[in-house]
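Chain by chain, the residues run as shown.
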Amino acid sequence: MRGTLRFILALTVALAVMLLVRALALQLCSIDGDALQPYLLSGDRVVVNRWSYGLRTGDGRLFPYGRLARQPVRRGDMVAFETEQGDGKLLLGRCTALPGDTVVVEASLLGDSTDLTLTVPAVSNCDREDCYYIDGIGIVPEHLIIGRATMILYNRRPGAAPLRGYRRDRLLLGI
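Predicted model only: the values in this text are computed from it and were never measured.

Is there a simple way to think about the environment of Gly138 in this case?
Relative to the assigned elements, Gly138 resides in strand β10 (residues 138-141). On the basis of relative accessible area, Gly138 is assigned to the buried category, the value being 12%.

I would appreciate a short explanation of the packing of aromatic side chains in the present structure.
Given two aromatic rings, their pairing is described by the distance between the two centres and the angle made by the two planes. A complete count under the given rule lists one aromatic pair for this structure. Seen in terms of ring centroids, Tyr154 and Tyr166 are 5.8 Å apart; in terms of plane orientation they differ by 50°. Their pairing is tilted. Taken together, the residues span a long stretch of sequence, with Tyr154 in strand β11 (residues 145-155) and Tyr166 in the loop between β11 and β12 (173-174) at a distance of twelve residues. Overall, Tyr154 belongs to the partly exposed group, its relative accessible area being 26%. Judged by relative accessible area, which is 44%, Tyr166 ranks as partly exposed. Lying over the aromatic face of Tyr39, Arg94 brings its terminal NZ or CZ to 4.1 Å of the ring centre.

Teacher, can you tell me more about the pairing of strand β5 (residues 78-82) here?
Burial of β5 is extensive: four of the five residues sit out of reach of the surface. Relative to strand β6 (residues 90-97), β5 is paired through five bridges, and the arrangement is antiparallel. Bridge assignment links Met78 to a residue of β6, and that residue is Arg94. The pairing of β5 with β11 spans three bridges and is classified as antiparallel. Looking across to β11, one finds that Ala80 is bridged to Gly147.

Help me understand the nonpolar core in this model?
Nonpolar side chains tend toward joint burial in soluble globular proteins. Counting twelve residues, the largest nonpolar core consists of Cys29, Ile31, Leu36, Leu40, Val46, Val48, Met78, Ala80, Leu92, Ile146, Ala149 and Ile152. Residue assignment for this core shows that the elements contributing at least two residues are β2 (44-49), β5 and β11. Per-element accounting of this core gives the leading share, three residues, to β11. If sequence neighbours within four positions are ignored, Ala149 has contacts with Val46, Val47, Val48, Met78, Leu92 and Ile175. In terms of nonpolar packing, the next biggest core, distinct from the first, is built from eleven residues, Tyr53, Val73, Leu98 and Ile145 among them.

Basis of the calculations
- Residues numbered from 1 in each chain as written.
- Predicted model: local features only at pLDDT ≥ 70, side-chain atom pairs only at ≥ 80, totals over all residues.
- Heavy atoms only, no water.
- Helix = DSSP H or I, 4+ residues; strand = E, 2+ residues; numbered from the N terminus.
- Buried < 20%, exposed > 50% of the residue type's maximum accessible area, 1.4 Å probe, protein only.
- Phe/Tyr/Trp six-rings, centres within 6.5 Å; stacked < 30°, edge-to-face > 60°.
- Lys NZ or Arg CZ within 6 Å of the ring centre and 35° of its normal.
- Pairing = 2+ DSSP bridges.
- Core = buried A, V, L, I, M, F, W, Y, C linked by side-chain atoms within 4.5 Å.
- Contact = heavy atoms within 4.5 Å.

Here's what the structure looks like:
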């Protein structure tokens, strides 16, 4: 009986520690699609460091947004962020412009090529907080940023049979 109690206690403590690490320190993301090639491939499992820009506190709905030990996003960082819809979906992208930078976007309307000049903070939410330009995505306000993608943990080819399809060349790679 005593051994069973120790096992249950150890299992409960391990589960609590795992949930704390997941909620406060690290998060695992799966890459679907090839939009981030050559950096990330479909099937990559990426570790996101939730503390890289400071721990997010609040989401603006129940508690006000803030960051503990805030650090700025750097140009070139692979950033994980939530969608504006709040559906819990995470996206990844490379930060190519910082607050105050000017971004030139080439737009094509009816075959004509024109340049649009866009200053990163000049967006609806960006008068109250920093915003960043994520390559291929657009402007992302700071409160949506979860953290920095730091490592490819492993890659498993989509659709592969169980216990198969793992790529040894994509194991524990830094980003």
